[in-house]
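Examining the three-dimensional arrangement
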Amino acid sequence: MDKFVIRGGNPLVGTVRISGAKNSALPCMAAAILTEEEVTLENIPQVRDIETERKLLVAMGAEVELGTGTADHRTRINFRTLSSPEAKYEIVKTMRASSLVLGPLVARAGMARVAMPGGCAIGGRPIDLHIKGLEKMGATIVQEHGYLEARAEKLKGAHIVFDKITVTGTEDLLMAAVLAEGETLMENCAREPEVCDLSALLIAMGAKIEGAGTSTIHVQGVTSLKGAQYRINPDRIEAGTFLIAGAITAGDLTVSDCNPDHLGAVISKLTEAGALIDVPGPDSVRVRVKGKLQAADISTEEYPGFPTDMQAQYMALATQSEGVSQITENIFENRFMHVQELVRMGANIKVDGRTGTVRGPAPLSAAAVMCSDLRASASLVLAALVADGESILDRVYHMDRGYERIEQKLETVGAQIRRMGNVFG
Ligand code: UD1
């Protein structure tokens, strides 16, 4: 298993290019199920989750050509035949987002057999809202032997009101609705930029959708969709992680090829914490720190609020800020797996229910630590960048699920980081 060895203490200086958004790429790849024609996606990040999704689609009969090595990371997916509308447990267990194929499979093939995602390190993460929505659209769903089996000769448009805002739930049902008979009205939808990416691709494929990016989405079903080409937006979580890397190391870092509009909550919190942020161009953000970082509270919310996917990284920053920061996690239970490891490095953090109280600044000392999930790993990398001495991070495969060659990107801006073991990709 690969490890990262990180020697802390260097300020990060220079420019880092941001990759395409993993959480847009995953639903957009699933959308290819909806047509017999070729779907071409650009700016697909080279991360483990994408390789997992490739395997998932190939097992269903798709031809998938991942554009590794091409300048625009172009990926072609061809679902001329859908030989097996099934997502096996072996694949679903490693990537919960596999449940995104449920809606498009039922819409295209009239049936789907998808393994129930197992419990995950950051909480139970049910998919009951995906199921409820599909049932409203006329699907019959049975659960047996750890699988969900959904059937519908023809999905029908429906009025769906989500009990809770769900990102992949909104995306899954959107993909079902585009080929359903009649009109679908979805309320209390997720407004994340990744929903907009998916919607833009579906519209390019011939779907009739209005309102993506707002909490109400209207879909007029069509009988078939065609192939399309679409460029995935930059990854706002990767961009936010690098902004924090620049701030925590008191560096001068520019993240390029990003979308500053998608980073509003993170930028405003970094500013409150005392970082100097400039937006030098339409696709770049620069962060600098002069003087001391100050404590600032965060509370995770759905977009456009502060993203839960940035909570762990922000907590690493809070350990270096002067004062008391209250960090409240509202989206997922058990999303404080990184706390224990940060405390082992010298952080002063107490967790009570959904809130972590961080007292800073606490000098961090290098340690051997264990990555427990994707964003927790990012938090530990950030802590190691300012820790005194050499830290060893184990289980970096969690990191590889969602960050493209992070060690190379960090190294080019001055971090002392190396990977031990087999280099992914
Ligand atoms: C997506 C993102 C993930 C991010 C999360 C919240 C992808 C591939 N993943 O995950 O990185 O952390 O949004 O921004 O895009 N819920 C239910 N029933 C459901 C579905 C969700 O109760 O059927 C609950 C979840 O347990 C959670 C909340 O709703 O408490 C939000 O989850 P959701 O938005 O669905 O997260 P994901 O789409 O899985």
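Now for a description of the structure that goes with this document. (Residues numbered from 1 in each chain as written. Predicted model: local features only at pLDDT ≥ 70, side-chain atom pairs only at ≥ 80, totals over all residues. Heavy atoms only, no water.)

**Considerations on the sheet that holds strand E20 (residues 348-352)**
What counts here: Should DSSP find at least two bridges between two strands, the strands are taken to pair. Comment: elements are numbered from the N terminus, with helices defined as DSSP H or I runs of at least four residues and strands as E runs of at least two. Note on contacts: a residue pair is in contact if any heavy atoms of the two residues lie within 4.5 Å. Between N-to-C directions, angles cover 0 to 180 degrees, with each direction set by a line fitted to C-alpha atoms, over the stretch in contact for helices.
Pairing within the open sheet is mixed, and its four strands lie in the order E18-E19-E21-E20. Strand pairing shows two members of the sheet lacking a second neighbour, strand E18 (298-299) and E20, which therefore form its edges. Most of the contacts of helix H10 (residues 311-318) go to strand E19 (residues 323-328), to which it runs at about 170 degrees, and overall it touches E18, E19, E20 and strand E21 (355-360).

**Quick look at the pairing of strand E11 (residues 183-187)**
This is how it is decided: Each residue's exposure class comes from its accessible area (1.4 Å probe, protein chains only) as a fraction of the maximum for that residue type: buried when under 20%, exposed when over 50%, partly exposed otherwise. Crossover handedness is defined by viewing with both strands directed away from the observer: a clockwise path from the first strand over the helix to the second marks the crossover as right-handed.
Burial of the side chains of E11 is restricted to one face: Thr184 and Met186 are buried, whereas none of Glu183, Leu185 and Glu187 on the reverse face is. Once you follow strand E10 (residues 159-161) into helix H6 (residues 167-177) and on to E11, the crossover reads as right-handed. Two strands pair when backbone bridges link them, and E11 and strand E13 (residues 216-220) are joined in this way by five bridges, in the antiparallel orientation. Bridged to Glu183 within E13 is Gln220.

**So, the packing of helix H8 (residues 236-248) against H10**
We apply this condition: Under this scheme an angle from 65 to 115 degrees is roughly perpendicular, one under 35 degrees roughly parallel, and one over 145 degrees roughly antiparallel; angles in between are oblique.
Their axes nearest at 10 Å, the elements H8 and H10 cross at an angle of 5 degrees. Looking at the two axes, H8 sits roughly parallel to H10. Contacts between H8 and H10 involve Ile237, Thr241, Ile244, Ala247 and Ile248 from the first element and Gln313, Tyr314, Ala316 and Leu317 from the second.

**Here we look at the pattern of salt bridges**
Our working definition: Each reported salt bridge corresponds to a side-chain nitrogen of Lys or Arg within 4 Å of a carboxyl oxygen of Asp or Glu.
Scanning the entire structure with this criterion turns up 27 salt bridges. Its salt-bridge partner being Arg344, residue Glu341 comes within 3.3 Å of it at the nearest N-O pair. Of this pair, Glu341 and Arg344 both sit in helix H11 (residues 337-344), three residues apart, roughly one helical turn. Within this structure, Glu86, Lys88, Arg113, Glu149 and Arg151 form a network of salt bridges that share partners.

**Re H6**
We apply this condition: N or O atoms within 3.5 Å of each other form a polar contact, as long as, within protein, one can give a hydrogen and the other can take it, and as long as residues adjacent in sequence are counted only when both atoms are side-chain atoms.
Summarising burial for H6: nine of the eleven residues are buried, a large majority. Here H6 has its buried residues at Gly169, Thr170, Glu171, Asp172, Leu173, Leu174, Met175, Ala176 and Ala177. For H6, the side-chain oxygen to backbone nitrogen distance between the N-cap and Gly169 is 2.9 Å, and the N-cap itself is Thr166.

**Some thoughts on the sheet that holds strand E9 (residues 147-151)**
Whenever strands of a sheet pair, they do so through backbone hydrogen bonds, lying parallel or antiparallel. With mixed pairing, four strands are arranged side by side in an open sheet as E6-E7-E9-E8. The open sheet terminates on both sides in strands that have one partner only, identified here as strand E6 (86-87) and strand E8 (140-144). With five bridges connecting them, strand E7 (residues 111-115) and E9 associate as antiparallel partners. Looking at E9, one finds that Val114 is bridged to Leu148.

**Quick word on the packing of aromatic side chains**
Put simply, the test is: Pairing of aromatic side chains requires ring centres within 6.5 Å, counting the rings of Phe and Tyr and the six-membered ring of Trp. Pairs whose planes differ by under 30 degrees are stacked, by over 60 edge-to-face, and all others tilted. Two limits define a charge over a ring: the Lys NZ or Arg CZ must be within 6 Å of the ring centre, and within 35 degrees of the ring normal.
The tally for this structure, following the rule as stated, stands at one aromatic pair. Measuring from ring centre to ring centre gives 5.7 Å for Phe306 and Tyr314, while their planes differ by 75 degrees; the resulting arrangement is edge-to-face. Classification of Phe306 by relative accessible area gives buried; the value is 6%. Here Arg113 stacks its cationic end above the ring of Tyr147, 4.0 Å away from the centre of that ring.

**Observations concerning the site of the ligand**
For clarity, the threshold we go by: Here a residue counts as near a molecule or strand whenever at least one of its heavy atoms sits within 4 Å of it. Using a 1.4 Å probe, accessible areas were evaluated by the Shrake-Rupley method; residue-level cover was limited to the displayed protein chains.
As a structural note, the neighbourhood of the ligand is formed by 19 residues, with Asp128, Thr166, Thr168, Asp309 and Ile331 the closest of them. Between an oxygen atom of the ligand and a main-chain N or O atom of Leu129, the distance comes to 2.7 Å. Burial of the ligand by the protein chains amounts to 89% of its free accessible area of 740 Å². Going through the elements one at a time, helix H5 (128-136) and H6 are the ones with two or more residues in the shell around the ligand. The element contributing the most residues to the shell around the ligand is H5, with three residues.

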